[in-house]
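Structural overview for review
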Amino acid sequence: MPVSEPMSLVWLILSLPLAAAIAAALLSPSRFGRTLAHVPLVVACACAALLAVTLLAQWHRIPSGRLVSQAWTWFAAGQLQVNVSLALDPLSATMLAMITFISAWIALFSTGYMSGERGYARFFAIMSLFVFAMCGLVLANNLFLLLGFWELVGLCSYLLIGYYFTKPSAAAAARKAFLVTRLGDVGLVLGIFWLWKLGGWHTDLSAILDYLAQHRPAEGEISLVCLLLLCGAIGKSAQFPLYVWLPDAMEGPTPVSALIHAATMVTAGVYLVARCAPLFVLSSTAPIIIAWIGGTTALLAAVLALAQTDLKRILAYSTVSQLGYMFLALGTLGTVHPALAVVAALFHLLTHAFYKALLFLSAGSVMHAMGGVIDLRAFGGLRRLMPITHLCFLCGAAALAGVPLLSGFWSKDLILETVVAASEQGGPYSGGYYLLLLIALVTALLTAFYSFRAYFLAFWGAERVPSEAEGHAHESPLVMTGPLIILAAGALGAGILLEPITHSLSQFLATTPTVQQAAQWSAATEWHVHFNWTIALISTTLAAIGIGAAALLYHRGEPQHLPAILEPIMSLSRRELYIERVYHVLIVQPLEGLAFLAKVCDNAWSGTIRLIAALPGMAGQWLRVIHNGLLQFYAVGMMLGLAVLMTFVILRVAR
Amino acid sequence: MITLWHCLAVGAILFGLGLTGFLTRRNLITMFLCAELMLQGVALNFAAFARWHAQMYGQVFVIFAVAVAAAEAALALALFLTLYRQARSMDVSVWQSLREAGVPATVDPDPLPPPTAAEEEEIVHLPPAGLRPAISRKEEHAGV
């Protein structure tokens, strides 16, 4: 395969981070591990990003709209044949470019943020492995390969959340994240196997879809498969009811939160649903369930973010909420044109990656300066101390809040339009979509409020610096502020560049073969992205109200006396709506009871076994006296035994 | 006429003698010889029955047993040599120290006399063919 061919570029993009992971791991025992371990990751991500952008720029040379590379058979047993096959289509190419671009800047940021930490090389090795796994997840055409990469990103997430593994809370958070996502993955595995059966025993997604085009399965069966796949997506993308791991995952280093738990890994669920859009189109019930899960999560997480005092926790809940938005957009799959739903979700995914990575990195910059403290009650008024970080955080918060013309505004607006379109279609669920629209608007208001609450608490009012900063709190070095500025530019301009004027993203994504297939299978015929002035006006007003309220209440940078109406909801939010408590009573405690019962049974059983094992020992204790070391004694014993035997034989024969 | 019963009787006598010797003697080499005697008694039974049945199987087995016994003798004598080097005695009851831990030792009412200093000195050398075996180093020097 010549190097200039697109597919070899894809293999190169995939292998660069893997090589970086190996290089960083090999560096770790040497004395360069503390100083040079970041080089492989930064170089690999930068090169991969360049290659991915090259691919996008050269896309017009690919006539078929999809490239599939069937490299080799991973394993085969009977009907099951699993190939290592990659597929590059507009959807995965977009994701690939986003992942490599964001991770390149985050890698650069981490070189400053992580300097001097213990396990410096370990951090960069796992980060490289994560980038490799994420690229593989996006590119995998085979469902089992996808599952492998899916678990690999989960593993990297586990390792990085537990990076400070000597801290008990970090270890517990890592375990929780691993177990909760695994709960969803059970559904994913079942769904994949069911899809394998439905899809004529194919394991490549493209082959399954081609088969399903010929052999349309029963509606109920495909709905079940969709819901099972959705379980995996919910776990990975931290949707209600499995979102609980993501806020705790903030125990990891901040670049990890930015890359894995905001920009890339948590969007894997959204990507999975978008990739399997044709399946979801075939089901009539699965999309509305996705929409309700997304809407519920968006509102719930926004409420939970209202009163948090940990800056990273606010951002984590905000991520959950924004992922809920994306799921809400995907929930309109069957009702509106699939291309519209996928474009809305992916557009929000891209802009969210920019501004949420920016927000997290800004929080990391603050945390770096504050000596590891991230509690908003401990510091404030950093506006003059950290001017660049302040401006970058402001850009991110404004984009998140949906300030007009910034990237978050456009993508959120597209999602709202999609939901409006779904409610206007007049299907059986149009009332539901209308309700979801209201929920999404309320969420927009709350989002503006909590993002600016965090901003004001951190950067306004009198300057307060915690004692942990040890008196030398300062603006971060260029290696950290540089990525912040780049991402801030993305958060400001990516939205307007990609969609509202040029429509380039929607036109590009609409050529994705799977999206076109979904369009063929769905009832919807035409689609267009049109700017809805009413919705834009309403959401802008809501954002303004939210920002205004936050400014009114928190502009002094310290918690104010809240109006009486807000107090109950804030206090509920502070206690996270008692959801952890409910989970504890409903799930953890019964399981602990079950574990105790199992322990009792196990002890009883193994006690019996031990008793049986003790009997020969006791007999041996009693018999060991005859082992006295005298050879003649043994010989006599043998002779007597022989004599008894002979007597017996002779008497038997004689009778 | 030598009948089967004659052969069996000789075999039984050999076996009985070997058994008695094995149970009563304490010298390792004597015990080993007695064990060989028992083995030969059994082998004689094989040969006798082979003849009585007019078959070769028994004889094949005897040859096999004799060959194995020869190999076993080589091994056993080598072991005895090392045992002697350890304990400076051929008495088998010396090795009752190998009994199970915690079992009281069997007191020997009639132990072998300890080796005399002269016996300690004696180192047996193979003499050149046709010469009287040298008994002690002094005599050996004197003799040569």
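Remember, predicted model here, so these are calculated numbers, not experimental data. (Residues numbered from 1 in each chain as written. Chains lettered and ligands numbered in written order. Predicted model: local features only at pLDDT ≥ 70, side-chain atom pairs only at ≥ 80, totals over all residues.)

**Focus on the overall build of chain B**
The secondary structure content of chain B amounts to five helices and zero strands. Along chain B, helices (α) and strands (β) appear in the sequence α-α-α-α-α when read from the amino end. Split into buried and exposed, the 144 residues of chain B put 10% on the buried side. For chain B, the proportion of contacts with a sequence separation of at least 24, taken over those separated by at least 6, is 41%. (Helix = DSSP H or I, 4+ residues; strand = E, 2+ residues; numbered from the N terminus. Buried ≥ 20, exposed ≤ 12 C-beta atoms within 10 Å, placed from the backbone. Contact = placed C-beta atoms within 7 Å.)

**Points about the overall build of chain A**
Looking only at helices and strands, chain A has 26 helices and two strands in total. When the backbone C-alpha atoms are referred to their principal axes, chain A occupies close to 115 × 70 × 55 Å. For chain A, contacts bridging at least 24 residues in sequence account for 82% of all contacts bridging at least 6.

**Here we look at the confidence of the model for chain B**
All names here are of chain B. Averaged over every residue, the pLDDT of chain B is 83; the share at 70 or more is 77%. Element-level pLDDT for chain B is lowest in helix α5 (residues 137-143), with a mean of 51, against a maximum mean of 94 in helix α1 (residues 4-24). Both scores are given for the predicted complex: the pTM is 0.77, the ipTM 0.77. (pLDDT = per-residue confidence, 0-100.)

**Description of the interface of chain B and chain A**
Contacts between chain B and chain A engage 13 residues on the former and eleven residues on the latter. A breakdown of the residues in the side of chain B that touches chain A according to their chemical character gives seven nonpolar, four polar and two charged. (Nonpolar A, V, L, I, M, F, W, Y, C, P; charged D, E, K, R; others polar.)

**What about unusual backbone geometry?**
Omega for the bond connecting A:F240 with A:P241 falls within 30 degrees of zero, at 5°, which places this linkage in the cis form. One can find A:P241 in the loop between α9 (219-236) and α10 (245-248). Its identity is not glycine, yet A:W201 carries a phi of approximately 60°, on the positive side. Examined against the element boundaries, A:W201 turns out to sit in the loop between α7 (168-198) and α8 (205-214). With 14 C-beta atoms counted inside 10 Å, the residue A:W201 sits in the partly exposed group. A positive phi angle, near 55°, is found at B:A54, a position not held by glycine. For B:A54, the position within the fold is in the loop between α2 (28-53) and α3 (57-87). By C-beta crowding, B:A54 is classed as exposed, having 6 other C-beta atoms within 10 Å.

**Brief notes about the packing of α7(A) against α9(A)**
All names here are of chain A. Relative orientation of the contacting elements α7 and α9 amounts to 150°, with a least axis distance of 7 Å. With respect to α9, the axis of α7 lies roughly antiparallel. Note that α7 runs across α9; the crossing there is left-handed. On α9, the residues that touch V180, T181, L183, G184, D185, G187, L188, L190, G191, W194, L195 and L198 of α7 are E221, V225, L228, L229, C231, G232, I234, G235 and K236. A class-by-class count of the residues in the contact of α7 with α9 yields twelve nonpolar, six polar and three charged. (Axes fitted to C-alpha atoms, helices over the stretch in contact; angles between N-to-C directions. Parallel < 35°, antiparallel > 145°, perpendicular 65-115°, else oblique. Left-handed = near helix turned anticlockwise from the far one by under 90°.)

**Focus on the pairing of strand β1 (residues 67-77) of chain A**
Residues and elements named next belong to chain A. Of all eleven residues making up β1, only one are buried, and the element is barely covered by its neighbours. Pairing of β1 with strand β2 (residues 80-88) involves nine bridges; the strand directions are antiparallel. Residue pairing in the sheet places T73 in a bridge with N83 of β2. Hairpin remark: β1 followed by β2, antiparallel, with two residues in the connecting loop; positive phi at G78, about 60°. (Pairing = 2+ DSSP bridges.)

**Describing helix α26 (residues 631-654) of chain A**
In an α-helix there are 3.6 residues to a turn, and that puts residues three or four apart on one side. The end-to-end C-alpha distance of α26(A) is 34 Å, a good match for the 34 Å that 24 residues give at a rise of 1.5 Å each. When you tally the buried positions in α26(A), you get zero out of 24 residues, a small fraction of the element. (Expected span 1.5 Å × (residues − 1).)

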